[in-house]
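The chain contents come next:
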Amino acid sequence: MDSSTNSLDDVSADGSTDYPDRNSTMEVRLQAQEDEITLLKSSLADALRRIRVHDQLLPLLKQQLIAVNPSAARVLNQVSYPDGCTSGRKLSTSSINDGFHHAAAAARVRRNSEKLGNPERQRKRLDKKAASSANLLTRSPSLENRAKELIASAGLPGSRRGTYSQEQSIKMFIRGRPITMYVPSNIQNYDNLKMELPSERLELDWVYGYRGRDCRANLFFLPSGEAVYFIACVIVLYHINNRTQRHYRKHTDSVRCLALHPDKVRVASGQTAGVDKDGKPMQACVHIWDSTTLVTLQQIGLGNFQRGVGMGSLAFSIGDSGAFLSVIDDSNEHILSVWDCTKGTKYAEIKTTNEAVFAVDFNPSDSTNIITCGKSHVYFWTLTAGQFTKKQGIFGKYKKPKFIHCFVFSLTGDVLTGDSEGNILPWAKSAADTKTLGKGAKETYQIVRPIKAHEGSVFTLCMLESGALLSGGGKDRKIIRWSADLAPEREVEIPEKFGAVRTVAVVNDEELLVGTTRNAILRGSFSNGFVAIVQGHLDEMWGLATHPSQDLFLSCSHDRQVCLWNTEEHNLDWCITLEEYGLCADFCPSGSVVSVGLSTGRWVVLDLETKEVISESIDGNEQLSVMRYSPDGRFLAVGSHDNFIYIYSVTESGRRYSRFGRCNGHSSFITHLDWSKDGGYIVSNSGDYEILYWDIAGGCKLLRNRFESKDREWASFTCVLGFHVIGVWLEGSDGTDINALCRSHNEKIVAVADDFCKVHLFQYPCPKPKAPSHKYEGHGSHVTNVCFTHNDSHLLSIGGKDTCILQWKVTGGGAGESREVPASVSSTSTSSPEPPAT
């Protein structure tokens, strides 16, 4: 526990300085090179496979043609090349070469504010990638169709020209690679299909999680009985007694800091700058808004804050009833600026330091005095006629701490700081030392006496109206109450599983709210202890699954936690920690167990009641990317990064597993897979954009003729590549822009998780390009997964680095009703408006 807590201290101390790092740049370049190698290998394998299929098909057709009509041999000879290669092979080779060319020109780059370094370099890479595929989709008859047209053109009696027109295919290009998808038989005229916006919409219902790991001073209690805090791009107002949430959603990127106005109603919130989907830097700002109506009152400094607003870098003045707002941006110089809240204009600014800055605040009795603290410094600023003067705190004979995490003003006007050595340091103004420094000496700020308060860092200080002081510790996880003369009175230790104390908010004389470094908010008192009212994951999330018949869902993260949540009660039912982190999960149709795929090739089956591992297996030594039960529960498919799909027979309601077979044929790692409704077939996608079909009942055989699967019905639809979801791909997509999708159980809509922090809602099916969609913001990082609840009443979406789970309510369109998938889509086409933020 000591080492893990120390690492948390280091992370929290340095987390506010997100400078570009040479190692991260090299990792991006290495990943891009690895992706290109994978794509080249897969393209070569695909070319060889196509050549084998062509060689087998054309001689057979030629023999049949000559047997029926010998004169057709002359027609075939006219379209042959001297080297024996048919025109079909020539076209195929050209497509492959085109794939190589575009693959070498495109690099896989994630685009979200949490992972970007240099925005300009990112923009150039995105421009290059966008140019790699100008035309996303083209119509093309298959090789088999071309051969049959030759037969028909030879004047065969009884030719089946009508059948040939139905056997059409759509060719989609991703990073220069052609992906062929066959049009189902029930679509008679593909060109006349028109896409509509779905009648269903999403409303943000609940937000799971809290950003406490790397932020500070981000939890306040309002007179309305609500706790206000943030995660991702959403500021949550949670009523601690009624257990209801409201959401402020006007920010366009991750929120970094909060400040509460002296009137306890107005709130200021700042965000990071980030970039848009084209890699262009976005403009950060500070919003001042009314916590009662959620109306934005003022937008401060749009475009003035380089890289956004720093963590903990907002404060209202108190002595003049909140007339001014101080802001420190996230640039290298950490520029301190003061703004007129009424006019929204800048009053003054100055560069502070190149070191990390953690906090800023006005002197409550004098708004011309401002204090900042951070790495190895505490500065006392005086603002006069729009100009700043600075005095640095003198540590003198006392050891200078590595970090000054926080400070507070006592009722007497003294300044108290908390540092990484576990000390509370009282500061006082000293008279000028003219004897030592001469007549030009000025007054200084020096330490009165250090007080050892905590083991490890002091992360937060909170002054009570009575004059008492609360301090929150890191390593010891203690909250200590101090008298006005800094004598310890009471203390309490929060449970180890919640981490260190990050911030404290006062509810009343007895009750407190505590934000922790493990992304939890606790409610309690010195007498009764603390319980969690808000919990969340600590690291990047990818695994998400919903229960087949109950209002439950499961999430797994890189923090090695597996959590079961209740969508109706909006709480955490249970949470366990595994030896390795989970990346994927699926519930057995019986609903009594859930399977979780881990990062090492191991997968475990958990009992929902006892939370015990009832079965475990290992498939290869690479991470697992997808777990999927067949609709009848007889099989479990396990997709791995070793390019295989492992099939298991399932008995005893999901409690017993035995290896049934293995699907071998993909050239890259498995990304998504789905079962047919009869439980006999699988469709799968891979990292090199392959779509393959498998006959499981027939012995896990690869179906070489993909045309035969065009009319097969699928129990679920999570594959991001397929005819029915062509429209979800934007022009210029590179294959990594969509991380996941999920079709609703009533087969009316499909939700998409993209790499640009957005959730999309399309109608289903959407087989035409540029299909319109409803777009929803809220995540501050790439959205990694989406999933509908068992009755389609809600949609769950999870973010990557933002560690946020958003629960959306599905409204309109008769949500929850089932329907038959139509043969064609409505002919009305409309633009895609941006849904209003709530």
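Residues numbered from 1 in each chain as written. Predicted model: local features only at pLDDT ≥ 70, side-chain atom pairs only at ≥ 80, totals over all residues. Heavy atoms only, no water.

This part is about the overall build of the protein. For the protein, the helix and strand inventory stands at eight helices and 56 strands. Put simply, the protein has 838 residues, and 57% of those count as buried. Put simply, of all contacts in the protein between residues at least 6 apart along the chain, 52% involve residues at least 24 apart. When the accessible area of the protein is evaluated, it comes to approximately 34,400 Å², of which 47% is carbon and sulfur surface. (Helix = DSSP H or I, 4+ residues; strand = E, 2+ residues; numbered from the N terminus. Buried < 20%, exposed > 50% of the residue type's maximum accessible area, 1.4 Å probe, protein only. Contact = heavy atoms within 4.5 Å. Areas by Shrake-Rupley, 256 points an atom, 1.4 Å probe, with all protein chains shown as cover.)

Attention now goes to the pattern of salt bridges. Within this structure, the stated rule accounts for 26 salt bridges. Measuring nitrogen to oxygen at the nearest pair gives 2.5 Å for the salt bridge that ties Arg 602 to Glu 616. Within this pair, whereas Arg 602 is found in strand β40 (residues 602–607), its partner Glu 616 is found in strand β41 (residues 613–618), the two being separated by 14 residues in sequence. (Salt bridge = Lys/Arg side-chain N within 4 Å of Asp/Glu carboxyl O.)

Along the chain, Tyr 764 connects to Pro 765 via a cis peptide bond; the corresponding omega equals -5°. Take Pro 765: it is sitting in the loop between β52 (758–763) and β53 (774–777). Of note in this structure, Arg 243 is not a glycine but carries a positive phi near 55°. Turning to its location among the elements, Arg 243 is positioned in the loop between β7 (234–239) and β8 (244–248).

This next bit is on the side chain of Glu 200. Inspection of the secondary structure puts Glu 200 in the loop between β3 (177–182) and β4 (201–208). Glu 200 sits in the buried class, given a relative accessible area of 4%.

Burial within strand β27 (residues 469–473) is extensive, with five of its five residues counted as buried. Bridge count for strand β26 (residues 458–463) against β27 is five bridges, and the pairing is antiparallel. Among the inter-strand pairings, Cys 462 is bridged to a residue of β27, identified as Leu 470. The turn linking β26 back onto β27 is made up of five residues, and Gly 467 within it adopts a positive phi angle of 100°. In sequence, β27 turns back onto strand β28 (residues 478–482) through a hairpin of four residues, with Arg 477 there showing a positive phi of about 60°. (Pairing = 2+ DSSP bridges.)

On to the confidence of the model for the protein. Averaged over all residues, the pLDDT of the protein equals 83, while 78% of them reach at least 70. Taken together, the stretch residues 79–117 has pLDDT below 50 and engages in 90 contacts with residues farther than four places along the chain or on a different chain. Low pLDDT, under 50, characterises residues 121–166; the predicted model gives this stretch 89 contacts beyond four residues in sequence or across chains. (pLDDT = per-residue confidence, 0-100.)

A few words on the environment of Leu 522. Of note, Leu 522 is situated in strand β32 (residues 521–525). Owing to a relative accessible area of 0%, Leu 522 belongs among the buried residues under this scheme. The spacing of Leu 522 and Val 534 is 12 residues in sequence and 7.0 Å in space, taken between C-alpha atoms. Excluding its chain neighbours within four sequence positions, the residues that come into contact with Leu 522 are Ile 494, Phe 498, Leu 512, Leu 513, Val 514, Thr 516, Phe 530, Val 531 and Ala 532.

The next thing to look at is the state of the cysteines. Counting across every chain of the model gives zero disulfides. Cysteine Cys 257 shares no disulfide, and the gap to the nearest cysteine sulfur, in Cys 215, comes to 8.2 Å. (Disulfide = S-S within 2.5 Å.)

Pairing in this open sheet of four strands is antiparallel, and the strands run β9-β10-β11-β12 from one edge to the other. Taken across any chain shown, the strands that pair with only one partner, and hence form the sheet edges, are β9 (255–260) and β12 (296–300). Taking the axes of each pair of neighbouring strands and ignoring which way they run, one obtains an average angle of 20° across the sheet. Alignment of strand β10 (residues 266–271) against strand β11 (residues 286–290), held across five bridges, turns out to be antiparallel. Bridge pairing in β11 links Val 267 to Trp 289. (Axes fitted to C-alpha atoms, helices over the stretch in contact; angles between N-to-C directions.)

Time to look at the packing of aromatic side chains. Under the counting rule described, the total for this entry stands at 25 aromatic pairs. Aromatic side chains Tyr 210 and Tyr 229 sit 5.9 Å apart centroid to centroid with 80° between the ring planes, which places their arrangement in the edge-to-face category. One end of the pair, Tyr 210, is in the loop between β4 and β5 (220–221); the other, Tyr 229, is in strand β6 (residues 226–231), and 19 residues separate them in sequence. The pair formed by Tyr 210 and Tyr 229 is uniform in burial state, with each residue classed as buried. A network of ring pairs unites the aromatic residues Phe 380, Phe 395, Trp 427 and Tyr 445 as a single cluster. If you follow Lys 390 out to its NZ or CZ, it ends over the ring of Tyr 379, 4.3 Å from the centre. It is Arg 662 that lies over the ring of Phe 644; its NZ or CZ is 3.9 Å from the centre. (Phe/Tyr/Trp six-rings, centres within 6.5 Å; stacked < 30°, edge-to-face > 60°. Lys NZ or Arg CZ within 6 Å of the ring centre and 35° of its normal.)

With antiparallel pairing, four strands are arranged side by side in an open sheet as β42-β43-β44-β45. Two strands lie at the open edges of the sheet, namely β42 (624–629) and β45 (656–664), each paired on one side alone. Each strand of the sheet is rotated relative to its neighbour by a mean of 20°, with strand direction disregarded. Pairing between β42 and strand β43 (residues 635–640): five bridges, direction antiparallel.

Locating Leu 538 in the fold gives a position in the loop between β33 (529–534) and β34 (541–546). For Leu 538, a relative accessible area of 10% puts it in the buried group. Between the C-alpha atom of Leu 538 and that of Lys 801, which follows or precedes it by 263 residues, the distance is 9.0 Å. Ignoring anything within four residues of it in the chain, the contact list for Leu 538 reads Arg 213, Thr 517, Arg 518, Asn 519, Asp 559 and Thr 803.

Across the six residues of β7, six count as buried, placing the element largely inside the fold. Sheet topology note: the β6/β7 ladder contains six bridges and is antiparallel. Among the inter-strand pairings, Tyr 229 is bridged to a residue of β7, identified as Val 236. What sits between the antiparallel neighbours β6 and β7 is a turn of two residues, in which Ala 232 has the positive phi angle 55°. In terms of strand pairing, β7 meets β8 through five bridges, oriented antiparallel. Opposite Val 236, over in β8, you have His 247 as the bridge partner. Between β7 and the antiparallel strand that follows it, β8, lie four residues; Arg 243 among them carries a positive phi value of about 55°.

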